[in-house]
Structures are given as C-alpha cells and as structure tokens.
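Results of the structural survey
Single-letter residue listing:
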Amino acid sequence: MAATSSVILSSRSCQFLRGGSRKAMVASISESSRVRGTRRGAGLVTAVLSEKLVPLRSPPEVLSDRPLQAQLKIRVSITIRRIKGENWKEKLLNNLVIHPLEALEDRLGRHLSLELVSTDVDARTKRAKTTREAVLGGWTEKMKAGGDKAVLTAEFTSDSSFGTPGAAVLTNRHHREFFVESIVVEGFLSGPAHFSCHSWVQSCWEQPDKRVFFSDKPCLPSETPAGLRELRKKELEAIRGDGGGERRLSDRIYDFDVYNDLGNPDKAPDLARPVLGGPELPFPRRCRTGRRPAESDASTESRIEDPLPIYVPRDDAFEEGRIDMLEEGKRKAMHRVFIPAIVAGFSGGELGGLHHIDSLYKEGIRIKLGLAEDLLSKLPFFGKIQEATQGKLLFDTPAIISKDKFAWLRDDEFARQVIAGINPVGIERLTVFPPVSKLDPSVYGPSESAIKEEHLLGHLEGMSIQQALEEKKLFVLDYHDIYLPFLNRINSQEGRKGYATRTVFFQTAQGTLKPVAIELRLPPGTPPSRARRVMTPPGDATSAWLWQMAKAHVSSNDAGVHQLVNHWLRTHATVEPFILAANRRLSSLHPIFQLLKPHMRYTLHTNALARQILVNAGGVIESFFSPGVLSNEMASAAYAETWRFDQEGLPADLIRRGMAEPDPSQPHGLRLALEDYPYANDGLLIWDAIKTWVSKFVAAHYPSANHVAADQELQSWYEEAVNVGHADVSSAEWWPRLRSADDVAGVLTTLIWLASAQHAALNFGQYPLGGYVPSRPPLMRRLVPEEGDPEYQNFLADPHKFFLSSLPSLLQTAMFMTVIDTLSTHSSDEEYLGEKGLQSYSWSPAVAEAFNEFTDEMGRIEQEISRRNADPRRRNRSGAGVLPYDLLIPSSGPGATCRGVPNSVSI
C-alpha cells in the first residue's frame, strides 16, 4: 500500500494528522480499538502500524510534500415528522398505493439522499468542497411504523481535509413531500454539526431544485465562510422567484403584491371591491399569489374561496395542530348557528330579551330561547339535536359577565374597558378644549366639537375645565375624524346606523375614569339641530335609556376601529411586508433572521386566511361591524393619515396619545397620565424585557456602526420592507434609519412588540371581553331617538325593546360570537414569548445567557401581573365584580383563556 493511501480513522485518532507524535498516534489508535472491542479494531491497529508509520522514516520534507489523508467515518441522522390526522380514505390510499409505490421507488433508487457542503473551498477547483451523495435508508419501513417521528440514517466516508460541514443538501426522489425537523452530522474533526430545519422538502419531480439547509451557527454576510458564499447567494435568489407566474401550494417563493384579491366581481357585481395599495387607497403590500385576473375585472385577482387552500410559502403554512383547532372551530360554528337560525325563522330574528343571549351560554336556559312551548312539539327533532350537540352548541360564559352580570350597564365599567379592555390603545389625553377636528371644515362643517363647558360642569368634582386640563384629568375617545367621511355611505347600508362619536372622560379622585359627555355627530347635510348632539350622564329614566344607547354607539365605533385599524392594520397588515422582505433578503444564516424567525411564525398564513374569510367582500368584518363594505377603505385612510412606524412602539405610542411623558426618574423612563392604566403598566414590563434581550442580541453581532452599514443583507431587508412593502408611505421622513446597533435594536424591538404583546392585547380578549354583545355591540341598527321622531313614542312605550332592536339580531349575535370565540383561542402548538421552543443559541454562550435572562424575566412579569391584579388600590383591575387584567400574562394553556402572549401574529 502506498504511503499516501487512506485508512479509516475516528476523529479522536486524528491528532496525528494534525502534527501529533508517533507515540500519541499509536496510543490514540489503541484506545480507539479498545473502545470498539472487536478483532477488526485490532487488525486496524496492525495495518496502521505496518503501513502508516513508514513515512516517519522519510525525511521531513517528504512529509510536507505528501500530506497524510485519512478517511473519516461519517454518520448522518435526519429526523422527519410523519403526517398525522389521516382519515380513513387517506389511510386506505397510503396502504394500498403510496407505501407500495414508495417501496418500489426505493428499490429503483428513487430515494432520499444527502450531500454535505464544507465551509472551505477546494484549492484546486476554487469551489466548495462536497461529499458524495449518500442515501438515507429506512424510508419505507419507518413510514409504515407508528409514532409521530422517524429517524433516517446514512453512513459514508469523507476525506479528513473536508473541513467543517456548513450546509446539508437534500434530494427527495419520492413523489410526496416530507417534513424534516433536524439533521445531525457526526464524525468530522470539528465535532458534531447541527442543522435545525423545520421545513418541508418537496419531491424533485415537483421542485427540481435541491433543498439546502445551513448549520445552526449564524454569521453576517461578511463573515460567511468561503465555501458557503455562493450557496448563500443562490438560496436567497431562489426564494425571491422571478416575480411572475401563479404560485403552487408547494412553492417557497416570497414576493409582494397589492390587495387586489378582496372582491369577487365574477360572483356578483356587489362583491366588487377597490384595490388596496397605490395612490388612491394606500395600504401595505401582501404576499403575492399570482392567480389569473377575474373575468369581469382585470384589476382584480380571481378568488379562491374557503375551504379551498390559498397560497402561502410552504414553510409558513399552519401545522397540523393549528389546522385541527380551526377545523374544530368550524364544526362548532355549524352547531352553534344552526339553532339560532331556526329560532330566527320563527321569531323574525329579533331579540325578545337579554335572556335570549343568556340562553346561548352553558349556564343559560339551554336552547329554548324563549320560544312558545308548542314550538318544540312542532320540531320533534329539536330536543334530539339539543341532546346530541349540547356540548358543542353552547358557548362558554364570557368573562365580562362572569363576575357581575350587569356591570356593563355602569358608567365606571364602560370607562374601565377603555383602558383595560379589548381596545386599550384608543384613548388620548385631552389637551385642548373643546376637541378640534382635522377635517376640512368647508366639507365637513365646524371643526370645533359641540361639547361645551356647560356640558361638563357638575361632573368634574368641583373643578373648572381649565383646572382639569392643567391637572391632566380629561381624556377623550375621539372617533369623529375616522368615521365622519364615511358616515353617509355607512348609514345608507341596510341594517346599519351610526355616528361619528367623541367621548370625554374625567379621572376621579380614586384614579378611575368616568364618562362625562358623548358627542353624536351625523354627516354633512343633516339638519343642524340633529347633526351635533351632545349627551351627558342621566338624571332621569328617559335620559338614562338615551345615555345607554349613546354608550352603545360609542362601543360600536370603538369595535370597528379596534378590528380594522388597531388589530388588522397595525399588527397584521403592516408587519407582513417586514416578513416578506426578511425571507427575501436575509439568509437563514443571518443572525437577525434567526432572531425574527419565531416572531414570523404563521403570520403569512393567518393573513392569507383573513383575506379569504375576514376582510374580504362579504366576509366577517363587513358582515358584523358598522363600517360594512367601507371597512377596507377606512383602514386605508387610517394607514395614510395616522400610521407611523416610529410611533408603533409602546413608549412612543403612549407619548403620542398624551398618555405618558418622558421622565427619567420614573420606572421605564415614563410618567403615565393615568397611574393605574393596566395595558400600559403591564405592557411596559414586556416592552423593556424585549428591548433588553434584543439589544444584547444585536450588540453581540454588531460591535460598531461600521458593521451595521456594511451588512448588505440587513440594509436591503429594511430598504425593501420600506420602499416596496410600504411603498405608499416610503417617502415619509419619520422612518428610522439603520446606522447603528441601537437603530437596529429599536426597529427589531418594535416589530417583535407588535407581533407578540401588542397583538395579544388586542386579540385574545375578543370573546372573553367582547362576547356579550349588549355590552359591546359590533354594529348598531338604529339611531338614538329624538323627540319628534316617528319612533320616539315606541321608545318611550318600551325602551328595553327599542334598545334590543338597535343591537345585532339573534342570528348575527350567534355568528359573531362564534367567530370571535375562534379568534380568541390559543391552539395546542402555540409558542409563547420567552419560551425556548425551537430557538437554540448554543453557538454563542453570551446570546444563550441573554435569552435565559429574558425567559426568567417573563416569569417574573407573570408573577408581577398577578400581584397587581390582587392589589385593591388598583381599582381598574381589582375590586367587587371587577375583572383582573390578564391579557399580557405571558403564558397560557389552549383555548380562549384571555391571557397568553404568543411570539407571533398566529391567529
């Protein structure tokens, strides 16, 4: 055997190859043989001693000219996840067709294979070093076996000069996709290499390009090992696509498009909707699907209606746990709406009393719903349906009425929900009295509010208006400007009547709020005596009912702004461009991509479903909220006129609304205008924790401003997110610049806050805090009656009935409750802020320690929020019949728990 011939060595034996002594080499091989404990090991030692030690007798210069090359025994283990939840048809197909076909494919060589790419470049070819392609065995047997996961293995040899494996390249020659969780490579001198994949690998018959996975250790573009530079570049180019063609469900392409898929003019002319995105209706961009144009309108993309799947990049699609939760929601919806639909057919659909709503809850009167007893005899199957579906038919009692069924009637509870309810981000401190509109007075009338000083006197605990302003005691919920331009068209829709409202609140000596005036504004053209109506807390029975209706209209305004602007626009739609740009411009090797990855989970799929069933023409939001068909136009107006990325972080938002002012002497550097403001109090704890964690992570990778400026991937990510994803407002001067590590940390902290805590605060209380429709109606069907109106006498004769007839119908109520119940539900596979989950920072002890500190801080925050909820001095979250504020408690179990902060916008 020639002196340079190869011999299989363990990595432990290879110190000799790195310049170790002959004695050390012999000892190492002897130890290796002892561990193996086989005659083959002893033979190996003999072979090495007889053949490999010969070069030691040669002159030193011969050794340097002819380096010893060893062959290393490499083992690869790949963990894949089986597809669960097969129905009987799928099982039959798998057993009779798929599994036999895959077994045949294995025999024909159509298998799974893997090759490794080194971080080093071959000196001769100037290309990255690669291993030969190795077959991953055991596919057929392990796919038939039980269990959720399977481990496939491959063993091969590689030259000791290969270096460190930096990428794994998979080829799937079967005819169906599979989900790979991780890859572990052992045997190289550099030690085990880990690849956290969590991705689908398509069949090469469908996607000819091989799948590339980089090792877990991230690096900036300038630090990319030579062997991975070209591969890093090509992977990003492949993910961007070419901007054309219709996307297949198996694709992994990220691209931008306008919202041209909300209408369905081919189905009906009244389902046509304008395109969102562009000069006329500015809006963030969404993920491109590339479907053909509608036949009746070339500017509109053809629709794919639920339950058919809509395209999202394959790795961003829901996994089975999330799909199961949504399917269960659909099954419940069918049961829950069926009986109210029958009742609506007999009763005309109107609420006969609050007990009709109570009867929808498990603690209610079951499903008799106030019907005449003989109705049951006319429907003999009625009782059987009740018995068979009782568990799914009835709703859980919403938390908002669980401690005090009639709390919603009180003014203090109405005000408390403004700062500790579903939409705690609408209230502002009043700095100028009376409030002033920014709308053009030549079009919309007087800019000054109709609320005058005489309306408030007697409700300010003896203060004057000026004194209350100076002591920062006045606050306002102002929906005048966002509703008024659309109000004529809103009120012309069937079953919708509303106002543009302003509500003034006063902070009491106890630290709580109370409403002291409500302005109800009707659109231009309304007689002046009716156009600007002001109502104040009641002093008699008639005014008490009118006041209650006025509060209901304010709640309806608030519900629409919450859903369209603060929830959909600010946490769903505006975040999507950053996710698209991150996938297009940041390699999976990039540390910032790894930081953002858990906070992007499921968002693209969630938003795609929203376009399919929530914000589309005739969808949930148009059906159940006051703006109706004007919903998306209102969201566009809010985006163009009020949205600013630099004010989306919690401290900046509080300062913008006058709810806080900078004060270095205070916790979090802010002095709150309301000391007991549950959303702000708890939110600042989470904001600071996110900021600290992100700042440490960023500092570990960007030691200087030069590193930030030189990072082409980072700069192109942010540039594309702004200039393409937010093209309609990209020229605004308020966009932050990425010049330093602090700039980078600031942008990332805001994005993570929006995706996690901000979304949680606005989403997961929808059913628990908004599931009792009389407390928070999503739409109103009647205006507040005035003397001289034809229906005023009907109101006086039966104000309770008149109030109920203003609310959504029984069927609307049941359908609305069903939807928000699903939207408020955590799935079993949720990943919460601070949980380790799929994150692994083992490549950096400093980063791992910072994340552990972040995790510990989430635990401390949870304990602090519980302590606050038990503090009797905090009257906005503690007291007789008062609900605790749990929405920003980080952890949660599955279900509609009214707590829990997931990492991402995942529903």
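Look up: the structure comes first, before these words.
Conventions adopted
Residues numbered from 1 in each chain as written. Predicted model: local features only at pLDDT ≥ 70, side-chain atom pairs only at ≥ 80, totals over all residues. Heavy atoms only, no water. 1 Å grid on protein atoms, 1.4 Å probe; cavity = no way out; pocket = protein on both sides within 12 Å on 5 of 7 lines; lining within 4 Å. Points joined across faces, edges and corners; volume = space filled by probe spheres on them. Helix = DSSP H or I, 4+ residues; strand = E, 2+ residues; numbered from the N terminus. Nonpolar A, V, L, I, M, F, W, Y, C, P; charged D, E, K, R; others polar. Phe/Tyr/Trp six-rings, centres within 6.5 Å; stacked < 30°, edge-to-face > 60°. Buried < 20%, exposed > 50% of the residue type's maximum accessible area, 1.4 Å probe, protein only. Lys NZ or Arg CZ within 6 Å of the ring centre and 35° of its normal. Core = buried A, V, L, I, M, F, W, Y, C linked by side-chain atoms within 4.5 Å. Contact = heavy atoms within 4.5 Å. Axes fitted to C-alpha atoms, helices over the stretch in contact; angles between N-to-C directions. Parallel < 35°, antiparallel > 145°, perpendicular 65-115°, else oblique. Left-handed = near helix turned anticlockwise from the far one by under 90°. Pairing = 2+ DSSP bridges. Salt bridge = Lys/Arg side-chain N within 4 Å of Asp/Glu carboxyl O.

**So, empty space enclosed by the protein**
Tallying each qualifying case throughout the model produces 11 cavities of 30 Å³ or more. By volume, the largest cavity is sized at about 970 Å³. Along the wall of the largest cavity there are 38 residues; nearest its centre are Ser196, Cys197, His198, Phe593 and Lys597. Looking at the lining of the largest cavity, the elements with two or more residues in it are β9 (193-201), β10 (211-214), α6 (229-240) and α20 (591-596). Residues that form the lining of the largest cavity fall into these classes: 17 nonpolar, 10 polar and 11 charged.

**Describing the packing of aromatic side chains**
Working definition: an aromatic ring pair is given by the centre-to-centre distance plus the angle between the planes. By the definition in use, this model includes 35 aromatic pairs. Relative to tryptophan 734, the ring of tryptophan 643 lies with its centre 5.8 Å away and its plane at 80°, an arrangement referred to as edge-to-face. Linking tryptophan 643 in the loop between α23 (631-641) and α24 (650-656) with tryptophan 734 in the loop between α27 (712-725) and α28 (741-763), this pair joins segments that are 91 residues apart in sequence. For the ring pair phenylalanine 697 and tyrosine 841, a centre distance of 6.3 Å and an interplane angle of 75° mean the geometry is edge-to-face. Remark: tyrosine 841 occurs in the loop between α32 (810-823) and α33 (845-869) and phenylalanine 697 occurs in helix α25 (residues 678-701); sequence separation between them is 144 residues. Per residue, the accessibility class of phenylalanine 697 equals that of tyrosine 841, and both read buried. Taking the ring centre of tryptophan 200 as reference, the NZ or CZ of arginine 314 above it sits at 4.1 Å. Its guanidinium or amino end placed over the ring of phenylalanine 318, arginine 322 lies 6.0 Å from that ring's centre, counting from NZ or CZ.

**A closer look at the layout of surface pockets**
Estimated volume of the second largest pocket: approximately 1,300 Å³. What lines the second largest pocket is a set of 37 residues, among which Glu428, Lys438, Asp478, Asp481 and Thr642 lie closest to the centre. Going through the elements one at a time, β13 (428-429), β14 (474-478), α15 (480-483), α18 (541-573), α23 and α24 are the ones with two or more residues in the lining of the second largest pocket. Sort the elements by how many residues they give to the lining of the second largest pocket and α18 lands first, with 5 residues. Classifying every residue of the lining of the second largest pocket gives 18 nonpolar, 7 polar and 12 charged.

**Examining the nonpolar core**
In terms of nonpolar packing, the biggest core is built from 175 residues, with Ile427, Leu654, Trp693, Trp717 and Trp735 touching the most fellow members. Once residues lying within four places of it in the same chain are set aside, the contact partners of tryptophan 693 are Leu595, Tyr841, Val847, Ala850, Phe851 and Phe854. Membership of the second largest hydrophobic core comes to 28 residues, among which are Ile80, Leu114, Phe156 and Phe162.

**Structural notes on unusual backbone geometry**
Negative phi characterises most residues that are not glycine, and trans characterises most peptide bonds. Omega for the peptide link from aspartate 306 to proline 307 comes to 15°, which places this bond in the cis form. By secondary structure assignment, the location of proline 307 is in the loop between β12 (286-287) and α7 (320-347). Residue phenylalanine 433 is joined to proline 434 through a cis peptide bond whose omega torsion reads -5°. Following the sequence through the fold, proline 434 ends up in the loop between β13 and α12 (441-444). A positive phi angle, near 55°, is found at glutamate 461, a position not held by glycine. Position of glutamate 461 relative to the elements: it lies in the loop between α13 (453-456) and α14 (465-470). Glutamate 461 sits in the partly exposed class, given a relative accessible area of 45%. In this structure, histidine 668 is a non-glycine residue whose phi angle is positive, near 65°. As for its position among the elements, histidine 668 is in the loop between β18 (660-662) and β19 (670-672).

**A word on the packing of helix α19 (residues 576-585) against helix α21 (residues 603-614)**
α21 packs onto α19 with a crossing angle of 130° between their chain directions and a minimal axis gap of 10 Å. Viewed along their axes, α19 and α21 adopt a mutual orientation that is oblique. For the element pair α19 and α21, the recorded crossing hand is left-handed. Across the interface between the two elements, Glu576, Ile579 and Leu580 of α19 pack against Thr603, Leu604, Asn607 and Arg611 of α21.

**Focus on the pairing of strand β2 (residues 71-81)**
The element β2 is largely enclosed, with a buried count of 9 among its 11 residues. Inspection of the sheet shows β2 paired to strand β6 (residues 149-159) by 11 bridges, in the antiparallel sense. Bridge pairing links leucine 72 to serine 158 in β6. Inspection of the sheet shows β2 paired to strand β8 (residues 178-186) by 7 bridges, in the antiparallel sense. For arginine 81, the partnering residue across the bridge sits in β8 and is phenylalanine 179.

**Some points on the environment of phenylalanine 188**
Checked against the element boundaries, phenylalanine 188 lands in the loop between β8 and β9. What makes phenylalanine 188 buried here is its relative accessible area of 3%. Between the C-alpha atom of phenylalanine 188 and that of glutamine 71, which follows or precedes it by 117 residues, the distance is 9.9 Å.

**Quick notes on the pattern of salt bridges**
Tallied over the full model, the rule gives 57 salt bridges. When the shortest N-O distance is used, the salt bridge between glutamate 862 and arginine 899 registers 3.0 Å. Taken together, the residues glutamate 862 in helix α33 and arginine 899 in the segment after α33 connect sequence positions 37 residues apart. Take glutamate 862: its relative accessible area is 22%, and that puts it in the partly exposed class. Residue arginine 899 is classed as partly exposed on the basis of its relative accessible area, which comes to 25%.

**Considering the sheet that holds β14**
Think of a sheet as strands paired side by side through backbone hydrogen bonds, with each pair either parallel or antiparallel. What the 5 strands build is an open sheet, ordered β13-β14-β15-β16-β17; its pairing is antiparallel. The two strands at the open ends of the sheet, each matched to only one other strand, are β13 and β17 (532-535). In terms of strand pairing, β14 meets strand β15 (residues 500-507) through 5 bridges, oriented antiparallel. When the sheet's bridge partners are listed, phenylalanine 475 is paired in β15 with phenylalanine 505. Lying over the sheet, helix α11 (residues 411-420) contacts β14, β15 and β16 (513-521), oriented at roughly 85° with respect to β16.

**A word on the packing of α25 against α33**
Each pair of packed helices can be described by the angle between their axes along with the distance between the axes. Between α25 and α33, whose axes approach to 10 Å, the crossing angle comes to 175°. With respect to α33, the element α25 is oriented roughly antiparallel. Across the interface between the two elements, Asn681, Asp682, Leu685, Ile686, Ala689, Ile690, Trp693, Lys696, Phe697, Ala700 and His701 from α25 touch Val847, Ala850, Phe851, Glu853, Phe854, Glu857, Met858, Ile861, Glu864, Ile865 and Arg868 from α33. For the contact of α25 with α33, a count of residues per class yields 14 nonpolar, 2 polar and 6 charged.

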